[in-house]
Structures are given as C-alpha cells and as structure tokens.
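Summary of the model geometry
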Amino acid sequence: PRTRRLEERCAPDGRIGPCEANTQCLGDADQARCVAVGGDCPAGVVPGELEQFRTDDGRWVVPSADVQSGGVIEQCLSSEPRRHRVWRLLVTDGGRYVFETRAPARDRPIDTVLEVSTRCSAGRPLACDDDGGSSTFSRAVAELSAGMEVFVKVSAFGPGEIGGFSLLVSRR
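Before going into details, it helps to say that this report is about the structure given with it. (Residues numbered from 1 in each chain as written. Predicted model: local features only at pLDDT ≥ 70, side-chain atom pairs only at ≥ 80, totals over all residues. Heavy atoms only, no water.)

**Looking at unusual backbone geometry**
Of note in this structure, S79 is not a glycine but carries a positive phi near 65°. Structurally, the position occupied by S79 is in the loop between β5 (71–74) and β6 (81–90). In this structure, S135 takes a positive phi of about 55° despite not being glycine. Position of S135 among the secondary structure elements: in the loop between β9 (127–129) and β10 (139–144). (Helix = DSSP H or I, 4+ residues; strand = E, 2+ residues; numbered from the N terminus.)

Now the structure itself:
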C-alpha cells in the first residue's frame, strides 16, 4: 500500500498504507484521516494523544499525570514559563466540551491551571482556568467544531509545585 498524505483517508491498523512523516492516523472507520502531529510545539514539548484515553462512554480520562515530566511553555494566566503536560485532541464531533482536572489516582494533588488552545505553543487560548473546578482544580468549557485540532495543557499554578492530577474531558 502507498503512503497516505495529510488529510487522506487511512486505517489505524495501516492496512491501506501508513501515514506520511509527521502525521498520524486518527478517527474511527471511514472517518479516519492522516493528521499533523505536534503542531507548533516548542522544543522539548511532546504532546500525548488524548485519543488513547477515550473510554467506552465517550469521555477521555487520564487517571494520573504530573507536570514535572512536561515541557516548558508560557502559562496562559501569567505568561511565565512553566512546565506543562500537553495532550492533542482531534475533534471528531463538534459541540460543547468540558475539560476538568481532579485529584490524581496516585501522587499528591497540585493546584492546576488548564488551557485549551488551537496552538501547542503559547498564544491566545480558547479557554484558560485556574480554580473553576473543585478546590484548586481547574474547569474550562469550549465550543469546538468537528475537524479542529486542540491542545489541552495543564501546569501547576505555582512554580516548582510537585504532585499530580487527573484529567477528564467530556462532550456535553
């Protein structure tokens, strides 16, 4: 099979050909397409694929993560460089999406800042929140369209905070 180009139909198992360099096959069945990977991420920032955390009920759940292992990006609240964990999401169904941080499955919880953006690097976010969730956790809501590529970025509110969080994304 021939190599598939950006936006071409593909199959996640590669049976109709692999996606070209810097792209990845995302989506279900006949909707799967080769999409760009990594966006405009700064050096040292490697986004994870949120799709791998999709549950049977249509939500995305990252049970435990930390910011210490992430790359450095300017924080949406302060524009100060902070370590972030970044996930990429290719939106297949448009609608209202809710992004929340919660207590982690393991580790000590941290005060989180959550950003949803069409850019991996710093820039004007679609949503940015510090303590809109329970306690010091974050909650952001964004209207997203099918075909959008968004980056979900989580950092600690304070510099040098050590601990973890979980991430829940749902379409309402």
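**Considerations on the pairing of strand β7 (residues 95–102)**
Burial runs high along β7: six of the eight residues are buried. With six bridges connecting them, β7 and β10 associate as antiparallel partners. Considered in β10, the bridge of R96 is made with E143. As paired strands, β7 and strand β12 (residues 164–171) are joined by six bridges and run antiparallel to one another. Following the sheet pairing, F99 is matched in β12 by V169. (Buried < 20%, exposed > 50% of the residue type's maximum accessible area, 1.4 Å probe, protein only. Pairing = 2+ DSSP bridges.)

**Regarding the packing of aromatic side chains**
If you walk through the whole model with that rule in mind, you get two aromatic pairs. Relative to Y97, the ring of W60 has its centre 6.1 Å away and its plane inclined at 40°; by these criteria the two rings are tilted. Separated by 37 residues along the polypeptide, W60 in strand β4 (residues 60–66) and Y97 in strand β7 bring together distant segments of the chain. Among the residues examined, Y97 registers a relative accessible area of 1% and is labelled buried. (Phe/Tyr/Trp six-rings, centres within 6.5 Å; stacked < 30°, edge-to-face > 60°.)

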